[in-house]
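# Summary of structural features
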Amino acid sequence: MGGVKFRILGPLEVSRDGEPVTISGRHHPKLLALLLLETGRVVTVSRLVDALWENDPPATARRQIQNTMASLRRQLAGDDSPTLEATGEGYRLLVPAKTVDAQCFTDLVRQARTARDTNDLPTASRLFAEALALWRGEALAGLSGRVVEAAVVRLNESRLSAIEDRCDIDIALGRHGQVVGELRELLEHHPYRQRVAGLLMTALHHSGRTPEALEVFTEVRARLSDELGLDPDPDLNRLHGEILRGDLDTPTTEPTPPSAPRPAQLPADTATFTGREEQLAALDNLLADGRTATVVSAIAGMGGAGKTALAVHWAHHVRDRFPDGQLYINLRGYDEAAPVSPADALTRFLNALGQPGAAIPTDPDEAGAMYRSLLADQRMLILLDNARDAAQVRPLLPGGGGNFALITSRDRLTSLVALDDVAPLRIDTLSHEESVDLLSNLVDPVRLHSEPEATHQLARLCGHLPLALRIAGANLADRPETNVTQFVAELEGPQRLQKLTAPDDPAVAITRTLHLSVSALTPAARQLFTLLGILPGEDFSHDLAAHLAGTVTDDAPRAINELEAAHLVESHHDNRLRFHDLVREYANARASQWDDADRGEAVTRVIGWYDHNKATLPTDERDNVLRMLSAWNHRPDSWRLAAVLGRFVHYGPDLPRQLELLRHELSKAEHNQDHPGRCQMNSTLAIVHREMGHRTTAIEYAREAVQIMRDHDVDDPVGKYVGNLGLYLGDMGRVAEAVPLVLESYNAAVATGDDLFATIRASTLGTLYAELGDYGEGEKWTTMALKLTEQPSLRFFRQGISYCLCEQYVSSRRFSDAEPLITDILNQPDSSGAKYHALTLILRAEINRARGRYDAAHEDLAEALRHASQTDRSGLRDMAECGMAELEIQTGHPRQAIDRLMSSHPANTDQMGALQRAQADRLLCLAHARLGDGDTAINYGDAALAAFRSMPRPLLEARTLVALAEAHDTGGDKLSAQRDRESALEIFTRLGIPVEESREVPLGHGQRPPHWDT
């Protein structure tokens, strides 16, 4: 026969009119093979890219695919050239089925099995032989790669199944002697294939070689046990027993009466099925492993994820491997109609298996036994679609190992997995690329490609959910006058869910699908679902869900588990739950239907939970709190939610936005004369301003909070407001004023048994005493705080307090004590976003600089600056800049240090505080002295010295005296220089700083970990 022919059942070959056509090029053969494997169907560009480069595609991958396809067209060109067309997001090869050997093989095998099922065994044998003659070796021999190899496995499996069927027929025709050699060779190459072993045993036994047949069984049983830890399947064991007893029937060539009709109940496959390569491969593997059932369940946990489409598509793909037919039933587990009972389902299946109604037992257990008996010797595929629960499915599972039950459900069917050896396979929504591919199969690709941004937004608006994508795609295809951008704008408006409905069939709608899922819940779980719908955030904590569930049921964990099992919420990380995008919108819509009183009560419970837990909330909650404030800022009690923001000031670059929200809440509290709200908002504003480096402003707000508390007798049992004021005074170097305030707060916390506030205040006292130069007292308080963090509820603070102790060790030159703490802090995730790591890097840089490891010190400071640049914390950045300037001074670059300090240090000294300015003045003194400008150096040194003495900060005072001594030396005033050195030495000695270390000019500190204000 003439024309173009394609052969993939062996090495890839193309011929025209009997003459070979060379397919040249690096990628051309593999791409042609992939197109031939999916003849007539679109192969996406993403799949082609994956086939060629797997996990490491070049940036030019798509362009290379286009070039290769153009070249393939040229190589295949001719009068009868096949059609290779670009369509949607991929390519499609259109050729007659008879021109591809794999298609011919499939057709012949189907004809052969039809002849077998009608008992025309000679014709079946001949057709199988014709089909197998098309094979020239391993399919696509010479081509490699994950995608190709997966396809080759399926083709080779089809060949093996056809060989087994043909040998089985030949044995039935009395040709057992002719197949023994072939079966022996087949078993040698596939030693675990039990059907081959059974056929060989049968052929040997009927050839009068029964001992050899029994020996085959012995060898196979030993091999399975020794190498796989398995026993032979029931069919092989039964065959072995029949041979031993001599009960195996002798094959006959006489025709037998027609058997019961072969059921073929699968619904039609979806022509536009897209993606799910991983799940299809997993099902193939389960079938190869001999599993008898699996569960297909949407991991996103909702209807519309494509469970049925996947199951039906795969079932059609493998149906030839189940020669006794396919059973299908929609169990209506999630439907307006009542679910199909197991008894009703069994009756339908038994009818399909040829049992008249009168013969079917009325007792469900007896009907189930009949069903399993009829399937015991069969190879049948059973698809149980839309199951409600395990009780509905369990009676319908086959008992024999030759059958395969495929189940779809919105429920996890956990008990089937636990008790019935059912393998779970959960599917999520489609990837973004797969979503666009699916749309391209429904809508003219030219329309989509002309508006790529709108097309991608359409996929996102559908939540990458197959059902939503199909509805949207069909609606868009029906409106050729509407461009994609206009369609997307409509969908982005209100009532998105209502618009995801098929106009001609209201039953095809996202809202209906979700309604059926929610309606199937128990009343408590259904009410919890709606309660969670009031939350405006992206996710929510498991603890919050349990708190809300506790208002509707005594068994909160069960209600939450029910929502998860139904895939209406999902766990995603760190004990947190979330909705799918469309499910969240549906839950929000249900909650909005409540009356104002019920909805307001639910919001009050949520705010109360956040207020109660604000001291220990994880960072995941920050964005949720901001969304809640935006949604609920009309409420008079929303300041309680705003107060939670103080917990998150050191995470993320959105402090100006937080200030705006807090000022609004303060204004509202003042208007309402809500004194607790005024007090809390002033306090929280102080926390945020402190974090932004506005220390004077922080003190003003903190003083106002204390004043309101005292004037209006606002409850403050743990001394939060006075303690925070003390902390901010300490930031400004006013340590002597700070200590009694923080000590008052600590005593209040101890008196009320509040370990959280006691820990925070003890840590702050440790820092304050160290700054006063009393390192013994500082270490005592800090170690006490660190001990308290051994409690599980206080472990969050351990890293910050470790940093505080580490800073004291470095300041007192106890480097060997500091280094283990530094390593521990840097090896742990930063619980403050980026601040602790940056601060600790500055400390390590000081140790490296003091020991002459200047390159290492520079690397640490550069990394600290990178951390600081990602935040709104100007104080942290200034500390790192001062450290870098000091390193430049010590390594002989004082001019660079001066430029850095003058450009980086803000002119607004009031906001940044006297401490930070004094630090810069000390370094400017030292830098100018190194340049020989004694007068300028002394001016800066005198300013720094006065500031440190007024605070007082004795250690920094001593370091400034060292710098001034060098400045006086430069100016020729040896007497003043000697006086300054002696004063510095006296302070170093009093503080316990080693004399040899006091000659160093270490970096300055002055910034505390951020979470110590409350």
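Calculation notes
- Every residue gets a number counted from 1 within its own chain, in the order that chain's sequence is written.
- Given that this is a predicted model, residues contribute local features only at a pLDDT of at least 70 and side-chain atom pairs are listed and counted only at 80 or more, while totals for whole chains, interfaces and linings are drawn from all residues.
- For the side-chain quantities, the full set of heavy atoms in the structure was used; hydrogens and water were omitted.
- UniProt positions are given in the numbering used here, feature names are shortened, and annotations may be inferred rather than shown by experiment.
- The secondary structure listing takes helices from DSSP runs of H or I that are at least 4 residues long and strands from runs of E that are at least 2 residues long, numbered from the N terminus.
- Atoms counted for the radius of gyration: C-alpha only. Globule rule: 2.2 Å times the number of residues to the power 0.38.
- Classification of residues uses two cut-offs on accessible area relative to the type maximum, computed with a 1.4 Å probe and protein chains only: under 20% is buried, over 50% is exposed, and between them is partly exposed.
- Contacts were defined at the residue level, with two residues in contact if any of their heavy atoms lie within 4.5 Å.
- The Shrake-Rupley method, run with a 1.4 Å probe, gives the accessible areas here. Residue values count only the displayed protein chains as cover.
- The pairing criterion for strands is at least two bridges between them, as found by DSSP.
- Between the N-to-C directions of two axes lies an angle of 0 to 180 degrees, each axis being a line fitted to C-alpha atoms and, for a helix, fitted only over the stretch in contact.
- By definition in this entry, angles of less than 35 degrees are roughly parallel, angles greater than 145 are roughly antiparallel, angles of 65 to 115 are roughly perpendicular, and the rest are oblique.
- The crossing is said to be left-handed when, going from far helix to near helix, the turn is anticlockwise and less than a right angle, and right-handed when the turn is clockwise.
- Each residue receives one of three labels: charged for Asp, Glu, Lys and Arg, nonpolar for Ala, Val, Leu, Ile, Met, Phe, Trp, Tyr, Cys and Pro, and polar for the others, Gly being one of them.
- Each residue carries a pLDDT score, the predictor's own confidence in it, on a scale running from 0 to 100.
- What goes into a patch is any residue over 30% in relative accessible area without a salt bridge, connected to like charges within 9 Å or, for nonpolar side chains (Val, Leu, Ile, Met, Phe, Trp, Tyr), within 5 Å.
- Definition used for salt bridges: Asp or Glu carboxyl oxygen within 4 Å of a side-chain nitrogen of Lys or Arg.
- Every helix has an expected span of 1.5 Å times one less than the residues it contains.

Going by an unreviewed UniProt entry, the chain carries the name Transcriptional regulator, SARP family and comes from Stackebrandtia nassauensis. UniProt annotates the chain under Sequence similarities (unreviewed entry) with the comment "Belongs to the AfsR/DnrI/RedD regulatory family."

### Details of the overall build of the chain
The number of helices and strands found in the chain is 48 helices and 16 strands. For 1014 residues, the compact-globule estimate of 2.2 N^0.38 gives 31 Å, and the C-alpha radius of gyration of the chain, at 39 Å, exceeds that figure by more than 25%. Dimensions along the principal axes, computed over C-alpha positions, put the chain at roughly 125 × 65 × 65 Å. Burial statistics for the chain: of 1014 residues in total, 55% are counted as buried. Residue pairs at least 24 apart in sequence account for 69% of intrachain contacts in the chain once pairs closer than 6 positions are excluded. When the accessible surface of the chain is summed, it comes to about 41,800 Å², and 49% of that surface belongs to carbon and sulfur atoms.

### Comments concerning the pairing of strand β9 (residues 381-387)
Most of β9 is tucked away, with seven of its seven residues classed as buried. In the sheet, strand β8 (residues 326-330) pairs with β9 via five bridges, with the strands oriented parallel. Bridge pairing in β9 places Y328 opposite L383. By the bridge criterion, five bridges tie β9 to strand β10 (residues 404-409) in an arrangement that is parallel. Looking at β10, one finds that I382 is bridged to A405.

### Concerning the packing of helix α38 (residues 798-811) against helix α39 (residues 815-827)
Each pair of packed helices gets described by two things: the angle between the helix axes and the distance between those axes. Running from amino to carboxyl end, α38 crosses α39 at an angle of 155 degrees, the nearest separation of the two axes being 8 Å. By the angle between their directions, the pair α38 and α39 is classed as roughly antiparallel. Helix-helix and strand crossings are classified by hand; for α38 and α39 the assignment is left-handed. Between α38 and α39, the residues in contact are Q799, S802, Y803, L805, C806, Y809 and V810 and F815, D817, A818, L821, I822 and I825, respectively. When grouped by side-chain class, the residues that make up the contact of α38 with α39 number ten nonpolar, two polar and one charged.

### Observations regarding the sheet that holds strand β16 (residues 576-578)
In a beta sheet, neighbouring strands pair by backbone hydrogen bonds and run either parallel or antiparallel. Judged by pairing direction, the sheet is antiparallel, and its three strands sit side by side in the order β14-β16-β15 without closing on themselves. Both outer strands of the open sheet, β14 (539-541) and β15 (570-573), are each paired with one neighbouring strand and no more. Along the sheet, successive strands turn relative to each other by an average axial angle of 40 degrees, direction set aside. As judged from the three bridges shared by β15 and β16, these two strands associate in the antiparallel manner. Residue pairing for β16: S571 is matched across the bridge by L577.

### Considering the environment of G726
Mapped onto the elements, G726 comes out in helix α34 (residues 720-731). The spatial distance from the C-alpha of G726 to the C-alpha of A282 is 63 Å, given a sequence separation of 444 residues. Setting aside chain neighbours within four positions, we find G726 in contact with A738, L741 and V742.

### Structural notes on the packing of helix α32 (residues 675-691) against α34
It is the contact of α32 with α34, at a shortest axis distance of 11 Å, that shows an interaxial angle of 25 degrees. With respect to α34, the element α32 is oriented roughly parallel. By crossing handedness, the relation of α32 to α34 is classed as left-handed. Note on element contacts: α34 touches α32 through K720, Y721, N724, L727, Y728 and D731, opposite C679, Q680, S683, A686, I687 and R690. Taken together, the residues of the contact of α32 with α34 break down into six nonpolar, three polar and three charged.

### Concerning the confidence of the model for the chain
Detailed reading of the predicted coordinates is not advisable wherever pLDDT falls low. Across the chain, the average pLDDT comes to 84, with 92% of residues at or above 70. Summarising per-element confidence for the chain, the mean pLDDT is lowest in strand β7 (residues 293-298) (42) and highest in helix α37 (residues 775-788) (93). Every residue in residues 906-912 scores below 50 in pLDDT, and together they form 17 contacts with partners more than four places removed in sequence or on other chains. This model gives residues 997-1012 a pLDDT under 50, and the stretch forms 85 contacts once residues within four places in sequence are excluded.

### So, a nonpolar patch on the surface
The grouping of Y192, L228 and L230 at the surface amounts to a nonpolar patch, some 280 Å² of accessible area in total. Tracing the chain through its elements places Y192 in the loop between α7 (176-189) and α8 (194-206). Take Y192: its relative accessible area is 37%, and that puts it in the partly exposed class.

### Topic: helix α35 (residues 735-751)
For α35, spanning 17 residues, the distance from its first C-alpha to its last is 24 Å, which sits close to the expected 24 Å at 1.5 Å a residue. Buried within α35 are the following residues: V735, A738, V739, L741, V742, S745, Y746 and A749. Where α35 is buried, its residues contact α34, α36 (755-771) and α37. Immediately downstream of α35, the backbone of G753 shows phi near 70 degrees, a positive value.

### Some details on the pattern of salt bridges
Counted by the stated rule, this structure contains 60 salt bridges. Between E157 and R193 there is a salt bridge, with the nearest N and O atoms lying 2.6 Å from each other. Taken together, the positions of E157 in helix α6 (residues 146-172) and R193 in the loop between α7 and α8 put the pair 36 residues apart, joining distant regions of the chain. Pair check on accessibility: E157 and R193 agree, each one buried. In this structure, the salt-bridge partner of D817 is R814, at a minimum N-O distance of 3.0 Å. Judged by its relative accessible area of 34%, D817 falls in the partly exposed class. What makes R814 partly exposed here is its relative accessible area of 30%. The network of salt bridges with shared partners includes R113, R116, D117, E157, E164, D165, D168, R193, R195, R262 and R321.

### A closer look at unusual backbone geometry
With a phi close to 50 degrees, L140 is a non-glycine residue in the positive phi region. Here L140 lies in the loop between α5 (121-133) and α6. Here R332, not a glycine, exhibits a phi torsion of approximately 50 degrees, which is positive. By secondary structure assignment, the location of R332 is in the loop between β8 and α13 (342-352).

### What to know about the sheet that holds strand β4 (residues 43-44)
A sheet is described by the order of its strands in space; here three strands give the open sequence β4-β6-β5, paired in antiparallel fashion. Of all the strands in the sheet, just β4 and β5 (83-87) have a single pairing partner and so form its edges. Of the pairings in the sheet, the one linking β4 to strand β6 (residues 90-94) comprises two bridges and is antiparallel in character. Bridge assignment links V43 to a residue of β6, and that residue is Y91. Here helix α1 (residues 28-37) sits on the sheet in contact with β4, β5 and β6, set at roughly 70 degrees to β6.

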